[in-house]
Amino acid sequence: MNPYILAILLFGLGLGTTITFASSHWLLAWMGLEMNTLAIIPLMAQHHHPRAVEATTKYFLTQAAAAATLLFASVTNAWLMGQWEIQQITHPLPSTMITLALALKIGLAPLHAWLPEVLQGLDLTTGLILSTWQKLAPFALILQLQPSNSTLLIILGLTSTLIGGWGGLNQTQLRKILAYSSIAHLGWMILVLQFSPSITLLTLLTYLIMTFSTFLVFKFNKSTNINTLATSWAKAPGLTTLTPLILLSLGGLPPLTGFMPKWLILQELTKQGLAPTATLAALSALLSLYFYLRLSYAMTLTISPNNLTGSTPWRLPSSQLTYPLATSTAMTICLLPLTPAISALLTS
């Protein structure tokens, strides 16, 4: 892609998200979301592959449906209550419609079906943008909406954690596994949203760091399925040693960074008297942990002299920058000891 066009599209992405962040009016927030969608579509379709075009079409249709529902709900709220302010959504009908529209935008279960299919059709770089940056603007709106729909948010959160775990179990494609991982993580964020928005933001931040490093590892190895991952030790032995730690951090195992948000969320849910919800969420994390362990096993425990299903690739030098990968990997593995300091910041 022409670098000038790429710069304009990335600027459009940034501007759309910034407009949504800065808006207090529903129309302006909707405009920001639409700019975001329209800026990423050429990035998704840039390879002219049938799968990429199909993924782009699916993404456009779901985002357009979500944006139309959002606009309809905000107009309904203006008609019923005479208010266009984002934080003045008091009527239950527009409030529920907006929550569901934003859930469709970010891919929360049961409105998640588009996300694995779309992510599977994209290259890893665009997939990274879709899994991280594109979640920010709708999430900012969900944060401002709470706590209007407590039961709905808990149902969405639990369904997402369970489906995010179940869906990834039988997958061999890494992008689909990452899509289900994204659904499960978003479920955890939504669960605690109404009780502690600060913990939700912390979970979002750790999710962004962990997903960033996972995508960069797969991009460095040029891996898109488990078989190519199993032969990646020949390319970067040092990175192959660290990758299971990144994956287990995504799964939320101590003493890695990914354990911190899960620990704080379970603690908060228990404080709020929602022990059954916390138990179900913790059990659903075991499902996710299984497929992260499966990836770790394929990557590090099937090393020669075992028979491999794929052929060992050439060790060609990678053109990818390693500094972002090194930084995000260190943060993905090592931030758990900062939990007391972060907890103090959250409560102050």
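Small disclaimer: the values here were computed from a predicted structure and weren't measured. (Residues numbered from 1 in each chain as written. Predicted model: local features only at pLDDT ≥ 70, side-chain atom pairs only at ≥ 80, totals over all residues. Heavy atoms only, no water.)

## A few points about the overall build of the chain
Inference 1: From N to C terminus, the chain includes 16 helices and zero strands.
Inference 2: Its C-alpha atoms give the chain a radius of gyration of 20 Å, within 12% of the compact-globule value 20 Å for 348 residues.
Inference 3: Reported as C-alpha extents along the three principal axes, the dimensions of the chain are approximately 70 × 50 × 35 Å.
Inference 4: Of all 348 residues assigned to the chain, the portion counted as buried reaches 53%.
Inference 5: By sequence separation, contacts in the chain at least 24 residues apart represent 78% of the contacts at least 6 residues apart.
Inference 6: Surface summary for the chain: the accessible area is close to 15,100 Å², and the carbon and sulfur share equals 70%.
Inference 7: Separation of charge centres in the chain, based on 13 positive and 6 negative side chains, amounts to 15 Å. (Helix = DSSP H or I, 4+ residues; strand = E, 2+ residues; numbered from the N terminus. Rg over C-alpha atoms; globule rule 2.2 N^0.38 Å. Buried < 20%, exposed > 50% of the residue type's maximum accessible area, 1.4 Å probe, protein only. Contact = heavy atoms within 4.5 Å. Areas by Shrake-Rupley, 256 points an atom, 1.4 Å probe, with all protein chains shown as cover. Lys, Arg positive; Asp, Glu negative; His and termini not counted. Charge placed at Lys NZ, Arg CZ, Asp CG, Glu CD.)

## Digging into the nonpolar core
Inference 1: Of all hydrophobic cores here, the largest spans 46 residues; its most connected members are I40, Y59, V118, L130, V217, F218 and L295.
Inference 2: Every residue in contact with F218, bar those within four places of it in the chain, is listed here: L124, L174, L178, S223, L229, L247 and L295.
Inference 3: The next biggest cluster of nonpolar side chains, apart from the first, holds 31 residues, and it includes A29, F139, L193 and L204. (Core = buried A, V, L, I, M, F, W, Y, C linked by side-chain atoms within 4.5 Å.)

## Here's the deal with the packing of aromatic side chains
Remark: the centre distance and the inter-plane angle together describe each pair of aromatic rings, the angle taken between the planes.
Inference 1: Under the definition given, this model contains three aromatic pairs.
Inference 2: A ring pair is formed by F259 and W263, whose centres lie 5.7 Å apart and whose planes are at 20°; its orientation type is stacked. Highlighted residues: F259 and W263, both in helix α13 (residues 259-271), separated by four residues, approximately one helical turn.
Inference 3: Of the residues examined, F259 reaches a relative accessible area of 24% and is grouped as partly exposed.
Inference 4: Positioned above the aromatic ring of W188, the side-chain terminus of K262 is 5.2 Å from the ring centre. (Phe/Tyr/Trp six-rings, centres within 6.5 Å; stacked < 30°, edge-to-face > 60°. Lys NZ or Arg CZ within 6 Å of the ring centre and 35° of its normal.)

## Quick look at the pattern of salt bridges
Inference 1: Tallying each qualifying case throughout the model produces three salt bridges.
Inference 2: Here K58 makes a salt bridge to E54, at a shortest N to O gap of 2.8 Å. Taken together, the residues K58 and E54, both in helix α3 (residues 50-81) and four residues apart, mark about one turn of the helix.
Inference 3: Relative accessible area serves as the criterion here: at 37%, E54 is assigned to the partly exposed category. (Salt bridge = Lys/Arg side-chain N within 4 Å of Asp/Glu carboxyl O.)

## Quick look at the side chain of T329
Inference 1: Take T329: it is sitting in helix α15 (residues 323-334).
Inference 2: Discounting residues that sit within four places of it in the chain, T329 has contacts with S213, L242 and I246.

## Let's talk about the packing of helix α9 (residues 174-192) against helix α10 (residues 197-221)
Inference 1: Between α9 and α10, the least distance of the axes is 9 Å, while the angle of their chain directions is 170°. The orientation of α9 with respect to α10, classified from their angle, is roughly antiparallel. Across from L174, L178, S182, H185, M189 and V192 in α9, the residues of α10 making contact are I199, T200, T203, L204, Y207, M210, T214, F215 and F218.
Inference 2: Within the contact of α9 with α10, the residues separate by chemical class into 10 nonpolar, five polar and no charged. (Axes fitted to C-alpha atoms, helices over the stretch in contact; angles between N-to-C directions. Parallel < 35°, antiparallel > 145°, perpendicular 65-115°, else oblique. Nonpolar A, V, L, I, M, F, W, Y, C, P; charged D, E, K, R; others polar.)

## Examining unusual backbone geometry
Inference 1: Residue P110 follows A109 across a cis peptide bond; omega there is 5°.
Inference 2: Positioned with a positive phi, H48 is a non-glycine residue whose angle comes to about 55°.
Inference 3: Checked against the element boundaries, H48 lands in the loop between α2 (26-44) and α3.
Inference 4: Look at H48 and you get exposed, because its relative accessible area is 68%.
Inference 5: Here the phi dihedral of K222 falls at roughly 55°; this positive angle occurs in a residue that is not glycine.

## Here's the deal with helix α8 (residues 150-167)
Inference 1: A rise of 1.5 Å per residue sets the reference length of α8, with its 18 residues, at 26 Å; its end C-alpha atoms lie 25 Å apart and thus fit the reference within 8%.
Inference 2: Along α8, the positions that sit buried rather than exposed are L152, L153, I154, L156, G157, L158, S160, T161, G164, G165 and G167.
Inference 3: Its buried side turned inward, α8 meets α4 (92-106), α9 and α14 (275-300). (Expected span 1.5 Å × (residues − 1).)

Limitation: the analysis is restricted to geometry and does not speak to function.
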